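One letter stands for each residue in the lines below.
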Amino acid sequence: MNVSTSDIRQYMICPRIVYFQKDDKDRCEIIDERVVKNLFIKEISFDDLLYSIDWNDSETIEQLLLKSLKNSEDRIREIYKDDLDNIDQKIIFTAKEELTDEIKKIAERLWNRLNTDEVLIKRLMTPIDIEKRVYSDRFGLYGIIDKIVIFDDEEIPSIVKLGNSPNIGVWKEDRTQLTACIMLLEEETGRVIGKGVVEYFRCGRPVLVEINRYDRRLVLNVIDKIKKIQMGRLPEREDKVFCNYCTYKEECNVKRSLLSKFF
Ligand code: SF4
């Protein structure tokens, strides 16, 4: 049984969700506006057009983002044909409209960040490769790295996120997912990489993260725990702030199974 880098992120948010998702592919694959927005955001962030000219001011960035958003619709319709052809087309329309309204703000946030270090920020966002599939037999781990970017003449992984960013650093689930991606890329290349990027695209904030031995140990522990969940172990329930909005709220009231006590 193998574990994906997305499982690792999900485990860090709530281990029980990993348990419920393993037998519930249908609910996992529901395509709503949030999912479609995520597709648009990634497509824009991948688009060479965005990095093709200097970002001289907020208006230039805004125009590039708008052009890229326009181009990305055809691409995502083609790439995700099987999924998007079968959903209510209003979902795509609304997701695009909402992002169009938000683009000015994204451009302003990005422009404000550029004042700190324009060259670095653009470099951390410019992909030399996208959606790189990585796999390790040794870890029983696989994943898709959103982008490969260059930092200090080295290729490092980057993951693109739709949500808000913390004021400092990155969310722990993003750090752990990124660590898993770094470990996978290290396996593939035979190099020690030790760093990567979490790109909070809507905040205009790519964050360079240096990982340490605690991050690596955490990933290995989480892989073991997820494998136990895949074999049927129901993790203890920990009340979370978002439990009330969770899709699995009802199932989650299930008591710890007898089987789980043996693991
Ligand atoms: S209801 Fe809460 S504890 Fe249960 S799966 Fe959802 S987030 Fe996790």
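Residues numbered from 1 in each chain as written. Predicted model: local features only at pLDDT ≥ 70, side-chain atom pairs only at ≥ 80, totals over all residues.

A. Representation of the site of the ligand in the model. In the vicinity of the ligand lie 13 residues, with Cys 14, Arg 16, Cys 243, Cys 246 and Cys 252 positioned nearest. Classifying every residue of the shell around the ligand gives 8 nonpolar, no polar and 5 charged. (Near = placed C-beta within 6 Å. Nonpolar A, V, L, I, M, F, W, Y, C, P; charged D, E, K, R; others polar.)

B. Region of the structure containing the nonpolar core. Judged by nonpolar contacts, the single largest core of 52 residues is most densely connected at Cys 181 and Val 198. Here this core gets 9 residues from one element, more than from any other, and that element is helix H7 (residues 89-125). When residues of this core are assigned to domains, at least three map to each of domain 1 (3-24 + 127-252) and domain 2 (33-125). With residues near it in sequence (within four places) discarded, Cys 181 still touches Thr 5, Gly 143, Ile 145, Pro 157, Ile 159 and Gly 196. (Core = buried A, V, L, I, M, F, W, Y, C linked by C-beta atoms within 7 Å. Buried ≥ 20, exposed ≤ 12 C-beta atoms within 10 Å, placed from the backbone. Helix = DSSP H or I, 4+ residues; strand = E, 2+ residues; numbered from the N terminus. Domains from an automatic or database assignment. Contact = placed C-beta atoms within 7 Å.)

C. View of the pairing of strand S2 (residues 129-136). Bridge count between S2 and strand S3 (residues 141-151): 7 bridges; the pairing is antiparallel. Among the inter-strand pairings, Tyr 135 is bridged to a residue of S3, identified as Tyr 142. (Pairing = 2+ DSSP bridges.)

D. Region of the structure containing the domain arrangement of the chain. Domain assignment breaks the chain into domain 1 (3-24 + 127-252) and domain 2 (33-125). For domain 1 and domain 2, the distance between their C-alpha centres works out to 22 Å. On the side of domain 2, 15 residues touch domain 1, which itself brings 18 residues to the contact. Among the elements of the structure, S3, strand S5 (195-200) and strand S6 (205-210) are those that each provide at least two residues to the side of domain 1 that touches domain 2. Here the side of domain 1 that touches domain 2 gets 5 residues from one element, more than from any other, and that element is S3. For the side of domain 1 that touches domain 2, the class distribution of residues is 12 nonpolar, 1 polar and 5 charged.

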